[in-house]
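These are the residues of each chain, in order.
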Amino acid sequence: MRANPLLHHFRARATRPLINAWMSLPDSYAAEVIGHAGVDSVTVDLQHGMMGFDQMLPMLQAISSTPATPLVRVSTCEPATIMKVLDAGAYGIICPQVDNAEICRRFVSACLYPPSGNRSFGPSRGLTYGGSDYVTKSEGELLLLAMIESREALDNLDDILDVPGLSGIYIGPNDLALSMGYMPGVVITEVEQAIERVLQTALSRGLFVGIFCADECNAKKRVEQGFHLVTPGNDAGILRKSYQYYCQSLCGVQESWGQNGGY
Ligand code: 3PY
Ligand code: MG
């Protein structure tokens, strides 16, 4: 089976941070361009991105033509969708709102073939992209990341992290802040302490730890903190920032919509 470079970097204890791109734009050409930008992975965001399954498929095909690992954030922990996204060739799933161990078990089970899980057979593009031994080898190559992004998940952290088969976690700092009573995109000590606790608890179990970041400065801070993988904002935010930069440098300060929490 085709190896998952992201997972192999992690297992080899990569000495550099892993960079993940986050796509909300429903476009395969944009996915191809971003996949060739030097990132380690590209995540197609089905939860808040402007695409559905039919647009995701050519995006995964485009990412497959680049060195980046194709990942998908699903919109919810729904086994049928998770299985279909894996069949489409995603090499990792980021599952949002994994608030307790039961949700986490459902997530992991949907990703793994029996006897480890209950993923249904029909690997489709998984087989085409992954290789003829996909069904027997996929368990060792797919990255399964549970999003920790609520107060409830903090309360259930140990039980969530103990679910067998989970590769690691991905922190959603915006939803985490909201669920703790704060606005996203603002540095709040209580939220920072919670993020540090999640990080250390996951690291102590040898799990893969990623986090969404507001921008590149925030991503640098998260790398120094010890995160394996960082997402320095999403594609639309980065595109907007680039145009804002050109507008400001050519015409001086201009009125424009700001960004919030990396979006
Ligand atoms: C969050 O910060 O809540 C996220 O889900 C990142 O997209
Ligand atoms: Mg979120």
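Residues numbered from 1 in each chain as written. Chains lettered and ligands numbered in written order. Predicted model: local features only at pLDDT ≥ 70, side-chain atom pairs only at ≥ 80, totals over all residues. Heavy atoms only, no water.

Caption draft 1: Representation of the coordination of the magnesium ion (ligand 2) within the structure. Protein-derived ligands of the magnesium ion (ligand 2) are E149 (OE) and D175 (OD), with the metal-ligand distances lying across 2.0 to 2.1 Å. Of this pair, E149 sits in the loop between strand 5 (143-148) and helix 8 (151-155) while D175 is found in helix 10 (residues 173-179), placing the two residues 26 residues apart along the sequence. Of the residues examined, E149 reaches a relative accessible area of 4% and is grouped as buried. Judged by relative accessible area, D175 falls into the partly exposed class, the value being 29%. (Donors = N, O, S within 2.8 Å, 3.2 Å for Na, K, Ca; no water. Helix = DSSP H or I, 4+ residues; strand = E, 2+ residues; numbered from the N terminus. Buried < 20%, exposed > 50% of the residue type's maximum accessible area, 1.4 Å probe, protein only.)

Caption draft 2: Up close: the packing of aromatic side chains. Applying the stated criterion across every chain, the model contains six aromatic pairs. Ring geometry for W22 against F212: centres 5.4 Å apart, planes inclined by 65°, an arrangement best described as edge-to-face. A residue pair is termed long-range when its members are at least 10 positions apart, and W22 in strand 1 (residues 18-23) and F212 in strand 7 (residues 208-213) qualify at 190 residues. Accessibility classification places W22 together with F212 in one group, the buried group. An aromatic cluster of three or more residues is present, and its members are W22, Y170, F212 and Y263. The lysine or arginine in question, K84, covers the ring of F53, its NZ or CZ lying 4.9 Å from the ring centre. (Phe/Tyr/Trp six-rings, centres within 6.5 Å; stacked < 30°, edge-to-face > 60°. Lys NZ or Arg CZ within 6 Å of the ring centre and 35° of its normal.)

Caption draft 3: View of the site of ligand 1. Lining the immediate environment of ligand 1, one finds W22, R73, M147, E149, G172, P173, N174, D175, F212 and Y263. Take D175: an N or O atom from its main chain is 2.9 Å from an oxygen atom of ligand 1. Isolated, ligand 1 exposes 230 Å² of accessible area, and the fraction of that covered by the protein chains is 98%. For the shell around ligand 1, the element with the most residues is helix 10, which contributes three residues. A class-by-class count of the residues in the shell around ligand 1 yields five nonpolar, two polar and three charged. (Near = heavy atom within 4 Å. Polar contact = N/O pair within 3.5 Å; in protein donor to acceptor, adjacent residues only side chain to side chain. Areas by Shrake-Rupley, 256 points an atom, 1.4 Å probe, with all protein chains shown as cover. Nonpolar A, V, L, I, M, F, W, Y, C, P; charged D, E, K, R; others polar.)

Caption draft 4: Geometry of the pairing of strand 2 (residues 41-45). Counting buried residues along strand 2, five of its five residues qualify, which places the element largely inside the surrounding structure. The alternating pattern of strand 2 places S41, T43 and D45 and V42 and V44 on opposite faces, both of which are buried. Sheet analysis places strand 1 next to strand 2, joined by four bridges and oriented parallel. Note that in strand 2 the partner of N20 across the bridge is S41. Each parallel crossover has a hand, and the one from strand 1 via helix 2 (residues 28-35) to strand 2 is right-handed. Between the parallel pair strand 2 and strand 3 (residues 69-73), the chain is carried across by helix 3 (residues 53-64), and the sense of this crossover is right-handed. (Pairing = 2+ DSSP bridges. Right-handed = clockwise from strand over helix to strand, strands pointing away.)

Caption draft 5: Structural view of the nonpolar core. Counting residues in each nonpolar core, the largest one holds 69 residues, and the members touching the most others are V72, I82, I93 and F107. No other element matches helix 5 (residues 101-111), which puts seven residues into this core. Aside from chain neighbours lying at most four places away, what touches I82 is V74, T76, C77, I93, F107, A110 and C111. Residues L145, M147, Y170 and F208 belong to the second largest nonpolar core, which totals 14 residues. (Core = buried A, V, L, I, M, F, W, Y, C linked by side-chain atoms within 4.5 Å. Contact = heavy atoms within 4.5 Å.)

Caption draft 6: Up close: the sheet that holds strand 5. Around the barrel, eight strands lie side by side as 1-2-3-4-5-6-7-8; this closed barrel has parallel pairing. Averaged over all pairs of adjacent strands, the angle between their axes in this sheet comes to 25°, without regard to strand direction. (Axes fitted to C-alpha atoms, helices over the stretch in contact; angles between N-to-C directions.)

Caption draft 7: Layout of the environment of K137. With respect to the element layout, K137 can be found in helix 7 (residues 134-141). For the pair formed by K137 and R2, sequence separation is 135 residues and the distance between their alpha carbons is 9.4 Å.

Caption draft 8: Seen up close, the packing of helix 2 against helix 3. Relative to each other, helix 2 and helix 3 sit at 25°, their axes nearing to 8 Å. When the axes of helix 2 and helix 3 are compared, the pair comes out roughly parallel. The crossing of helix 2 and helix 3 is right-handed. Together, S28, A31 and E32 of helix 2 and P58, M59, A62 and I63 of helix 3 make up the contact between the two elements. A class-by-class count of the residues in the contact of helix 2 with helix 3 yields five nonpolar, one polar and one charged. (Parallel < 35°, antiparallel > 145°, perpendicular 65-115°, else oblique. Left-handed = near helix turned anticlockwise from the far one by under 90°.)

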